[in-house]
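Fold and contact review
Here is what each chain is made of, one letter per residue.
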Amino acid sequence: MGSDLSHALDSIQTIFLRPQASLALSLPKLVTHMLTTIVGRGLKTWTPPEPPMQSFDLEYSAKLLERARMVFEFADQYRGSYNDGIGHWVCPFYCDYGGCQDELLWGAAWLFRATKASNYWNYVVDNIHNLDNSIVKNINGVPYTGGSYAEFGWDTKHAGINILVSKLVMNGNSNLSPFMPNADKFVCSVLPKSPIVSVSYSPGTIMMMVATGAMAASIDYADALSKSILFFEGQRSGKLPSNQRMTWRKDSALRDGSDIGMDLVGGYYDAGDNVKFNFPMAFTVTTLAWSQQNALDAVRWGSDYLLKSTSVPDVVVGVVGDPNGDHSCWERPEDMDTPRTTYVVNKTSPGTEVAAETAAALAASSIAFRGSDDKYSEQLLARARQVFEFADKYQGSYNTSIGPGACPFYCDFSGYVDELLWGAAWLYKATNEDYYWNYLKRNINHLEFITPLDINGNPFVGAGYFEFGWDSKTAGINVLVSQRLMNDPSNADPFVSNADKFVCSILPDSPIKSVSYSPGGLLFKPGGSNMQHATSLSFLLIVYAQYMRDAKKEVHCDNIVANPDMLIKVAKGQTDYILGNNPLGMSYMVGFGQKFPQKIHHRGSTLPSIDSHPQHMGCRDGDQYFKSDKPNINELTGALVGGPAEDDSFKDNRLDASQSEPTTYLNSPFVGVLAYFKASP
């Protein structure tokens with residue numbers, strides 16, 4: 001910032017030293033045409049007026065130059081971004097996305113022009129190559145791949161530096177590089193017929209900047225939806241059907257449950273490993289079922305397994321497969337030779353959270369199949385009632401009952417009260433029975449007496465109304481129940497008011513938001529695998545927006561009034577970011593778009609299929625593929641990965657599971673999001 005002030009003072013000083021009788025005699029043809037377009041077709045071409053003659057003011061000029069030197073020295077000696085020094089006073093309004101190196105060189109270039117002092121020229125020459133080592137972003141915070149020379153504005157000064165210095169070196173100076181070549185590249189980046197043009201032109205020939213991802217093409221939500229559902233076929237465990245489309249996957253884990261005399265074949269592997277964690281799997285099925293007709297095959301694969309997992313009265317399966325043994329190997333699910341231990345909860349070792357979430361999944365699935373398979377729907381609902389009764393009667397955490405089968409992989413950090421209320425809410429939606437409604441009313445305030453934790457176990461200050469994911473269901477409860485209560489003031493509290501607070505916790509301009517946004521616009525919460533927040537919270541925003549429209553309702557976030565369209569806009573921004581409208585131009589859905597993750601953290605995707613390598617691969621036989629820098633052999637089409645870091649950077653590296661690992665509960669709410677935008681693009 002200091003060097004910007006320096007070159008501004010220096011520019012003014014130059015004006016006061018040198019009278020300017022006129023501007024250039026003529027504008028280039030292209031610029032003239034652009035100005036003609038702006039004024040209006042058919043009107044007389046605008047010609048800039050002649051500036052008035054300037055008078056000399058040597059005293060004022062010397063004062064400006066003295067101050068410019070002083071400010072530049074300060075800027076160079078005490079470096080750091082004003083993003084940090086001033087913080088919220090400048091961001092997000094005028095965050096510096098291009099770094100401070102360009103301003104320092106810009107200031108030095110102007111001081112050299114004003115003084116001809118060699119120290120400023122040497123400063124520019126010695127430091128110009130530093131710009132090549134920085135990630136350059138345009139005026140909107142969008143990184144350029146390569147050519148930083150193509151940008152000039154209030155933030156990034158690269159093109160301006162090269163143009164300014166080129167005037168000084170053009171006539172025979174030996175120090176042409178890189179100033180002149182980069183100035184030439186800038187010209188080539190703007191000319192309409194240049195093979196390396198980095199801008200686009202409207203039909204009326206008004207120039208518009210193009211940066212990767214910033215001017216995204218129309219997104220094919222239907223294709224993204226289809227692929228998002230296809231992903232679940234890649235996560236299937238058990239005997240695969242004849243219509244299996246992801247053919248590199250084969251039958252696996254066909255003896256699951258045999259250690260306790262149960263048939264537990266089927267279900268989904270949760271992520272890039274080969275374990276079936278029923279707690280997040282049940283949440284996956286619940287949110288898939290909430291999307292209803294869009295993914296019934298995927299719902300049924302999960303709900304069939306959950307019926308098996310609850311086939312013994314007062315017993316609910318929590319995990320199948322020894323997580324520690326599985327995680328010590330890198331092998332195909334078809335080859336597993338690690339222990340397939342079954343972990344269950346029962347009367348003496350309760351696990352309320354996994355049991356109640358399973359009840360919610362069964363109830364939600366019963367609604368999804370109503371009308372298309374009523375007999376199956378009734379079976380699901382009857383089992384949901386039974387499992388909920390067990391969960392409520394025998395309360396206790398599966399963290400203790402299952403122990404190493406659950407923790408540290410899927411510990412329940414937020415308690416099990418939310419799962420009980422979540423299960424009751426879905427049973428109320430499925431049955432409309434007073435028992436479940438009264439259960440909700442009687443127990444909803446219990447959530448206020450626990451310390452709510454987010455999906456990674458981090459405490460929240462205040463209520464947990466703004467969290468929704470495989471662990472904490474609080475926001476989901478309030479949104480789900482609000483559909484029936486928006487026009488019923490006598491019963492609306494606290495469900496609708498807390499759902500409103502959830503909305504206010506997400507909206508970017510809300511004074512009480514509890515999330516942050518990356519420079520490129522992705523929603524962030526603390527912890528790894530951040531994309532789960534973007535998908536699940538976007539889904540809730542869309543659901544609630546539709547309820548608001550039906551009730552003709554607005555949400556008041558202090559001085560911000562949010563209508564349904566505002567919620568949809570936020571959800572669409574997240575969706576488009578995920579699908580490629582982001583600073584890297586990277587789709588975070590495998591197989592969607594031209595650029596997507598190639599080295600995801602996923603055993604089956606990394607290793608050769610049985611079709612190409614029929615020999616058994618043992619525990620450590622896959623290490624060479626895991627450590628390889630090559631793209632995965634098999635495409636797990638439709639998989640969403642954990643996503644970029646908070647600065648929008650992304651390491652396409654399977655060693656970084658937090659960024660590169662897919663999970664079922666990343667995709668399941670996104671199915672509903674994509675279904676909405678497919679119908680209402």
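Calculation rules
Residues numbered from 1 in each chain as written. Predicted model: local features only at pLDDT ≥ 70, side-chain atom pairs only at ≥ 80, totals over all residues. Heavy atoms only, no water. 1 Å grid on protein atoms, 1.4 Å probe; cavity = no way out; pocket = protein on both sides within 12 Å on 5 of 7 lines; lining within 4 Å. Points joined across faces, edges and corners; volume = space filled by probe spheres on them. Helix = DSSP H or I, 4+ residues; strand = E, 2+ residues; numbered from the N terminus. Nonpolar A, V, L, I, M, F, W, Y, C, P; charged D, E, K, R; others polar. Contact = heavy atoms within 4.5 Å. Polar contact = N/O pair within 3.5 Å; in protein donor to acceptor, adjacent residues only side chain to side chain. Phe/Tyr/Trp six-rings, centres within 6.5 Å; stacked < 30°, edge-to-face > 60°. Buried < 20%, exposed > 50% of the residue type's maximum accessible area, 1.4 Å probe, protein only. Lys NZ or Arg CZ within 6 Å of the ring centre and 35° of its normal.

**Digging into empty space enclosed by the protein**
- Tallied over the full model, the rule gives three cavities of 30 Å³ or more.
- What lines the largest cavity is simply Ala425, Tyr428, Lys429, Leu480, Val481, Gln483 and Arg484.
- Only α16 (417-431) and α18 (474-485) provide two or more residues apiece to the lining of the largest cavity.
- It is α18 that contributes the most residues to the lining of the largest cavity, four residues altogether.
- In terms of residue class, the lining of the largest cavity is built from four nonpolar, one polar and two charged.

**Describing the environment of glutamate 433**
- Residue position: glutamate 433 is located in the loop between α16 and α17 (434-443).
- Excluding residues within four positions of it along the chain, glutamate 433 makes contact with Arg385 and Tyr428.
- Polar side-chain contacts of glutamate 433 include one of 2.5 Å to the side chain of arginine 385.

**Some words on the packing of aromatic side chains**
- Scanning the model with the defined rule gives 31 aromatic pairs in all.
- Here phenylalanine 388 and tyrosine 439 contribute two aromatic rings whose centre-to-centre distance is 5.3 Å and whose plane-to-plane angle is 75°, an arrangement assigned as edge-to-face. Separated by 51 residues along the polypeptide, phenylalanine 388 in helix α14 (residues 374-393) and tyrosine 439 in helix α17 bring together distant segments of the chain.
- We classify phenylalanine 388 as buried; its relative accessible area is 2%.
- One aromatic cluster in this structure is built from Phe277, Phe279, Tyr398, Phe409, Tyr410, Trp470 and Tyr665.
- Against the face of tyrosine 376 rests arginine 300, its NZ or CZ located 3.9 Å from the ring centre.
- The lysine or arginine in question, arginine 484, covers the ring of tyrosine 428, its NZ or CZ lying 4.7 Å from the ring centre.

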